[in-house]
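Residue-level listing of the chains:
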Amino acid sequence: MSVLVLVLAVSAAFCLGIGFVLQQNAAAHAPLGDFLSPRLLLDLVRVPRWLGGIGFMVAGMVLGAIALGQGELTLVEPLLATNLLFALMLSRRQTRQPLGRQGWAGLVLLAGGVTAFIVAGQPRGGSAVTDPLRHWLIIGVMVGVALLLTTLAKRSRLSAAPALLAVAAGLLYGVQDALTRVCGQRFSAGGIAAVFTGWQPYAVIALGVTGLVLVQSAFETAPLRMSLPALTAAQPLAGIVCGVGFLGDRLRADTGALAWEAAGLAGIVAGVVLLGLHPAMPGATARARERAGAGV
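Fair warning: this is a prediction, and the values are worked out from it, not measured in the lab.

What to know about the side chain of Glu-261
Within the secondary structure layout, Glu-261 lies in helix 11 (residues 255–276). No salt bridge is formed by the buried Glu-261; its nearest oppositely charged neighbour, Arg-252, is found at 6.0 Å. Here Glu-261 is in contact with Phe-117, Ala-120, Gly-121, Leu-251 and Arg-252, once residues within four sequence places are set aside.

Description of helix 3 (residues 48–70)
In this model helix 3 runs 33 Å from its N-terminal to its C-terminal C-alpha over 23 residues, within 8% of the 33 Å that 1.5 Å per residue would give. By the burial criterion, the buried members of helix 3 are Trp-50, Gly-53, Ile-54, Met-57, Gly-60, Gly-64, Ala-67 and Leu-68.

A closer look at the pattern of salt bridges
Enumeration according to the criterion identifies three salt bridges in this entry. Where Asp-249 meets Arg-181, a salt bridge forms, and the shortest distance between an N and an O atom there is 2.6 Å. Here Asp-249 is found in the loop between helix 10 (228–246) and helix 11, whereas its partner Arg-181 is found in helix 8 (residues 161–196), with 68 residues between them in sequence. For the pair Asp-249 and Arg-181, one class covers both residues: buried. Asp-254 is the partner of Arg-252 in a salt bridge, and the nearest nitrogen-oxygen pair spans 3.2 Å. The class of Arg-252 is partly exposed, set by a relative accessible area of 30%. For Asp-254, a relative accessible area of 36% gives the class partly exposed.

What about a nonpolar patch on the surface?
Together, Phe-187, Ile-192, Phe-196 and Tyr-202 line one region of the surface with nonpolar side chains, adding up to about 440 Å² of accessible area. With three residues, helix 8 is the single largest residue contributor to the nonpolar patch. The exposure class of Phe-196 is partly exposed, given its relative accessible area of 43%.

Brief notes about the packing of aromatic side chains
Inspection of every chain in the model, using the stated rule, returns four aromatic pairs. Ring geometry for Phe-20 and Phe-219: centres 6.3 Å apart, planes at 75°, overall edge-to-face. Here Phe-219 lies in helix 9 (residues 200–221) and Phe-20 lies in helix 1 (residues 3–27), a separation of 199 residues in the sequence. Judged by relative accessible area, which is 4%, Phe-20 ranks as buried.

A short note on the nonpolar core
Ranked by internal contacts, the top residues of the largest apolar core, which has 82 residues, are Leu-228 and Leu-231. A total of 14 residues in this core trace back to one element, the largest contributor, which is helix 8. When neighbours within four sequence positions are excluded, Leu-228 is seen to be in contact with Phe-20, Asn-83, Leu-84, Ala-87 and Met-281.

Things to note about the environment of Arg-93
Among the structural elements, Arg-93 can be located in helix 5 (residues 83–95). Each C-alpha atom, one on Arg-93 and one on Ala-280, is 8.4 Å from the other, the two residues being 187 residues apart in sequence.

Re the environment of Val-114
Note on placement: Val-114 falls in helix 6 (residues 100–121). A relative accessible area of 6% places Val-114 in the buried class. In this structure the C-alpha to C-alpha distance between Val-114 and Ala-262, which are 148 residues apart in sequence, comes to 11 Å. With residues near it in sequence (within four places) discarded, Val-114 still touches Pro-78, Leu-79, Thr-82 and Ile-268.

Overview of unusual backbone geometry
The phi torsion of most residues other than glycine is negative, and most of the peptide bonds are trans. In this structure, Gln-122 is a non-glycine residue whose phi angle is positive, near 45°. Position of Gln-122 among the secondary structure elements: in the loop between helix 6 and helix 7 (132–156). Under the relative-accessibility criterion, Gln-122 is labelled partly exposed at 44%.

Notes on the packing of helix 1 against helix 3
Between helix 1 and helix 3, the least distance of the axes is 7 Å, while the angle of their chain directions is 160°. Here helix 3 runs roughly antiparallel to helix 1, going by the angle between their axes. As for how helix 1 packs across helix 3, the hand of that crossing is left-handed. The class makeup of the residues in the contact of helix 1 with helix 3 is 21 nonpolar, nine polar and one charged.

Description of the confidence of the model for the chain
Residues at a pLDDT of 70 or more form 94% of the chain, whose mean pLDDT is 87. Across the chain, the element-wise mean pLDDT spans from 45 in helix 12 (residues 286–293) up to 93 in helix 3. Scored below 50 in pLDDT, residues 284–296 makes 20 contacts in the model with residues more than four places away or belonging to other chains.

Thoughts on helix 11
Taking 1.5 Å as the rise per residue, helix 11 with 22 residues should run 32 Å; its terminal C-alpha atoms sit 31 Å apart, in good agreement. The complete set of buried residues in helix 11 reads Ala-257, Glu-261, Gly-264, Gly-267, Ile-268, Gly-271, Val-272, Leu-275 and Gly-276. Projected onto a plane normal to the axis of helix 11, the buried residues spread over an arc of 145° and lie on a single side. Those residues of helix 11 that are buried are in contact with helix 4 (73–80), helix 5, helix 6 and helix 10.

Definitions and cut-offs
Residues numbered from 1 in each chain as written. Predicted model: local features only at pLDDT ≥ 70, side-chain atom pairs only at ≥ 80, totals over all residues. Heavy atoms only, no water. Helix = DSSP H or I, 4+ residues; strand = E, 2+ residues; numbered from the N terminus. Buried < 20%, exposed > 50% of the residue type's maximum accessible area, 1.4 Å probe, protein only. Lys, Arg positive; Asp, Glu negative; His and termini not counted. Salt bridge = Lys/Arg side-chain N within 4 Å of Asp/Glu carboxyl O. Contact = heavy atoms within 4.5 Å. Expected span 1.5 Å × (residues − 1). Patch = residues over 30% accessible without salt bridge, like charges linked within 9 Å, V, L, I, M, F, W, Y side chains within 5 Å. Areas by Shrake-Rupley, 256 points an atom, 1.4 Å probe, with all protein chains shown as cover. Phe/Tyr/Trp six-rings, centres within 6.5 Å; stacked < 30°, edge-to-face > 60°. Core = buried A, V, L, I, M, F, W, Y, C linked by side-chain atoms within 4.5 Å. Axes fitted to C-alpha atoms, helices over the stretch in contact; angles between N-to-C directions. Parallel < 35°, antiparallel > 145°, perpendicular 65-115°, else oblique. Left-handed = near helix turned anticlockwise from the far one by under 90°. Nonpolar A, V, L, I, M, F, W, Y, C, P; charged D, E, K, R; others polar. pLDDT = per-residue confidence, 0-100. Arc of directions from axis to C-beta.

Structure representation (structure tokens):
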């Protein structure tokens, strides 16, 4: 594994984790009528803390894009999942909660899962799949599932809605990461003109804005622990599917390697859940409890 890719991906995870906490702090006070509406972004853009969170998020996305340009998606995505560690770090400072057994167990599972997946899978590049049907099939399934989850969240307005929205956003962000890498490949091959003559950069923007509305709506209606674990778990899984599915990323496929890769992914998800549900994560505000009581 390239040290440069490692540094870039972990730096991106740091920025994303800090950005998510700052965004949720601000979104928790947004008007309830903005739920799943672009108006939510227009209201939040007036809040300095939210703008700071977006600044960190943009920095993380830029660093992540550079990392994707230097390494395989199946390598970068698990490293980006460590953003939850940095989110917990900032949240602990706000809530003054000790790490405890749950925190250490989550940390070990997340770090161990990332290590096991990368060491066992040995992600490496290959020839991208040229069949457009396969591209659209995988992207269509991801976007379709995200749309279904969003519809369920909008209709239910129950306690599960934030997690459903977070999973939907994670799927979109995973596809966005895959298309960001495609844009990087097009730039390397033909410069900026080659990038903007394709549909991928416009899809990246559309997915980013849509994902942002979903994430802020999840942050608006529930504490961070209800949404960030789902978001953090869904994004790398979607990215890995895209990487292997149509970008040509290759993983070791012998029985032992597959077993360790599956165990690594399970460790990542379990660690993300434990850390996301840690008491140090911001809990429900009085306003959030009021919304829950109203059935939102």
